[in-house]
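So you can see what is in the structure, the chains are spelled out below.
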Amino acid sequence: MNSDESKLVFVATSDLAGLVRGKSFPVSEWKKRSLRGVGWTPTNVQITCFDTIADSPFGSLGDLALIPEAGTRFQMGDPGNALDIALGDIQSLEGEPWDFCTRSHAKRALRELHELAGATVLSAFEHEFQLKDGPARPGDSFGLKGFRDGQAWAEALIAELDRTSCKPDTFMKEYGPSQYEITNKPATGITAADNAVILRILTDDVLHRFGVGSSFSPILDPDSVGNGVHIHFSFIDDQDNPLTHDVADPHGMSALTRHFIGGVLKYLDQIMALLAPSEISYLRLTPHRWSAAFNNLGYRDREASVRICPVSSRDSEAIARQYNFEVRAVDAAASPYLAYAALLFAGTQGVRDGLEPPAPTEEDLSLLGPEALAERGFRRLPQSLKEALDTMDRSQSVRSWFGDEFVNVYLDHKKQEMTELEGLDWQEKCNLYKEVY
Ligand code: GLU
Ligand code: MG
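Peer 1: How would you explain the overall build of the protein if you had to name every residue and give the values?
Peer 2: Within the protein, the secondary structure is distributed over 13 helices and 15 strands. In terms of principal-axis extent, the alpha carbons of the protein reach across some 70 × 55 × 50 Å. Across the protein, every contact between residues at least 6 apart in sequence was considered, and the portion connecting residues at least 24 apart equals 70%. A total of about 18,100 Å² of accessible surface is found on the protein, and carbon and sulfur atoms cover 50% of it. For the protein, the separation between the mean place of its 43 positive charges and that of its 64 negative charges on side chains is 3 Å.

Rendered as structure tokens:
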């Protein structure tokens, strides 16, 4: 074997724990492996983010294939330490998508919306992260000094992203201590969620090369701000015409947009366990942290779970193309594929049923009591992972979208994860998640 042939290709899956796991094979076998994949074990689905194994319906039985998708393949790392990597789908040996393959769920959700409404989704996942041992300088929110601290690794990261499907957009020093935000350009179809996986992989890898530890964990300190993942959505038709905007609507929403958001908000509490799937996620999702605490639609409001984003353009065609909304109730403990699938299923249900969202808010909902909230169609989102899991457990809708077996396995998975946290205080829990995500 020459040195090229001994190079490995890593096939990656983003699993129920929201982590990237996988296997590799020699690059010389790419052709064969891109058809056959690498062997995968059903019980792997129950490996929690702490590497313990939850109750599994599969035990030691069964075989699957993790199949790399050629279009996702990219090179990461320095030339001296490069890795050839591709994202993949988990299939049965007969070639059917496996019921627990997160990426396959998201692909199916995208297909269903397209079949129903002729809409292709354009999305971008906006990520915040923090340095593990970063200097917490006072006066550093959105600051130039903090930006300069990160500029060298940020530019290396941007260069690496640019070689993938995840095209960089903006980078900044965020509000929180050692907190940064990176955004990328929207992409259609499953590529949008692939890009979120790629962005997390490369951020971790590039910063590590610079000797900097980083974490996308939902919150590092119970008393500080969290790290959000905001998923931006817009729609186009098969001829690339924008479908999201309608100038006749007071807030610019097309009927498709209204119904989709109507579905997301109706089912939001039922899918929270998939969007914000760790115990500490619920420290972040509290009022006044600029995250999301209610199932409301906000007009340019950064505390709404769904926010209509501002457009900077003046001409109507450009507005229609720029117009988008973001879902803010997501974090990086969730696999991008599962969070995406859940939002797409909920939104598509809204389109199917012609649901309308409640009127957009421009106020502080935490000042309203439960009756006043209910009168206007708002609910406080679940306040703990346990509450989110119980709400999902009872949801016939989530069960119909993902399948009963998937929901039951997911509930067992998360229960096992929670047992690892028993007896710890909140800061100790944050410390554990900080190392995982
Ligand atoms: N850090 C906030 C979050 O947890 C978001 C702040 C912002 O970018 O508006 O979602
Ligand atoms: Mg931000």
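Peer 1: Could you give an account of the environment of serine 313, naming the residues involved and the relevant values?
Peer 2: Relative to the elements of secondary structure, serine 313 occurs in the loop between strand E14 (306-308) and helix H7 (316-322). Residues serine 313 and aspartate 390, spaced 77 residues apart in sequence, show a C-alpha to C-alpha distance of 44 Å. Other than its neighbours up to four places away in sequence, serine 313 contacts Ala318, Ile319 and Gln322.

Peer 1: Now, about helix H3 (residues 144-162): what can you tell me, with residues and values included?
Peer 2: Between its terminal C-alpha atoms H3 stretches only 24 Å, short of the 27 Å expected from 19 residues at 1.5 Å a residue. Helix geometry: H3 is bent most strongly at glutamine 151, by close to 55 degrees. Within the span of H3, buried status applies to Gly146, Gly150, Gln151, Trp153, Ala154, Ala156, Leu157, Glu160 and Leu161. Buried residues belonging to H3 abut strand E5 (74-76), strand E7 (120-131), strand E8 (168-173), strand E9 (179-184) and helix H4 (191-209).

Peer 1: Break down helix H8 (residues 336-352) for me, with residues and values.
Peer 2: Its 17 residues place the ends of H8 24 Å apart at the C-alpha level, agreeing with the 24 Å of an ideal helix rising 1.5 Å per residue. Most of H8 is tucked away: 16 of the 17 residues are buried. The first or second residue beyond H8 is glycine 354, which carries a positive phi of 60 degrees.

Peer 1: Pulling in residues and values, what's your account of the environment of arginine 200?
Peer 2: Position of arginine 200 relative to the elements: it lies in helix H4. When its relative accessible area of 12% is taken as the criterion, arginine 200 is described as buried. Sequence separation between arginine 200 and serine 366 is 166 residues, and the spatial gap between their C-alpha atoms is 32 Å. Discounting residues that sit within four places of it in the chain, arginine 200 has contacts with His127, Phe216, Val229, Asp331, Ala332, Ala334 and Pro336.

Peer 1: Explain the site of ligand 1 residue by residue, including any values.
Peer 2: Glu128, Glu174, Glu181, Gly226, Gly228, His230, Arg284, Arg289, Trp290, Ser291, Arg302 and Arg328 make up every residue found near ligand 1. In the environment of ligand 1, an oxygen atom lies 2.7 Å from a nitrogen or oxygen atom belonging to the side chain of arginine 284. At a threshold of 2 Å from the grid points, most atoms of ligand 1 map onto the largest pocket. Classifying every residue of the shell around ligand 1 by side-chain character gives one nonpolar, four polar and seven charged.

Peer 1: Please provide a residue-by-residue account of the pairing of strand E15 (residues 325-330), values included.
Peer 2: Counting buried positions along E15 yields six of six residues, so the element is predominantly enclosed. Two strands pair when backbone bridges link them, and strand E12 (residues 229-236) and E15 are joined in this way by four bridges, in the antiparallel orientation. From the neighbouring strand, isoleucine 231 faces E15, where its bridge partner is valine 327. Bridging between E14 and E15 involves three bridges; their strand directions are antiparallel.

Peer 1: Help me get a handle on the coordination of the magnesium ion (ligand 2), residues and values and all.
Peer 2: Coordination of the magnesium ion (ligand 2) by the protein is provided by Glu128 (OE), Glu174 (OE) and Glu181 (OE), with metal-donor distances spanning 2.0 to 2.1 Å. Donor residues binding the magnesium ion (ligand 2) come from one chain and are separated in sequence as E-x45-E-x6-E. Pair noted here: glutamate 128 is in strand E7 and glutamate 174 is in the loop between E8 and E9, with a separation of 46 residues, a long-range link.

Parameters and conventions
- Residues numbered from 1 in each chain as written.
- Chains lettered and ligands numbered in written order.
- Predicted model: local features only at pLDDT ≥ 70, side-chain atom pairs only at ≥ 80, totals over all residues.
- Heavy atoms only, no water.
- Helix = DSSP H or I, 4+ residues; strand = E, 2+ residues; numbered from the N terminus.
- Contact = heavy atoms within 4.5 Å.
- Areas by Shrake-Rupley, 256 points an atom, 1.4 Å probe, with all protein chains shown as cover.
- Lys, Arg positive; Asp, Glu negative; His and termini not counted.
- Charge placed at Lys NZ, Arg CZ, Asp CG, Glu CD.
- Expected span 1.5 Å × (residues − 1).
- Bend = angle between axes of the 7 residues up to and from the residue.
- Buried < 20%, exposed > 50% of the residue type's maximum accessible area, 1.4 Å probe, protein only.
- Near = heavy atom within 4 Å.
- Polar contact = N/O pair within 3.5 Å; in protein donor to acceptor, adjacent residues only side chain to side chain.
- 1 Å grid on protein atoms, 1.4 Å probe; cavity = no way out; pocket = protein on both sides within 12 Å on 5 of 7 lines; lining within 4 Å.
- Sits in = over half its atoms within 2 Å of the grid points.
- Nonpolar A, V, L, I, M, F, W, Y, C, P; charged D, E, K, R; others polar.
- Pairing = 2+ DSSP bridges.
- Donors = N, O, S within 2.8 Å, 3.2 Å for Na, K, Ca; no water.

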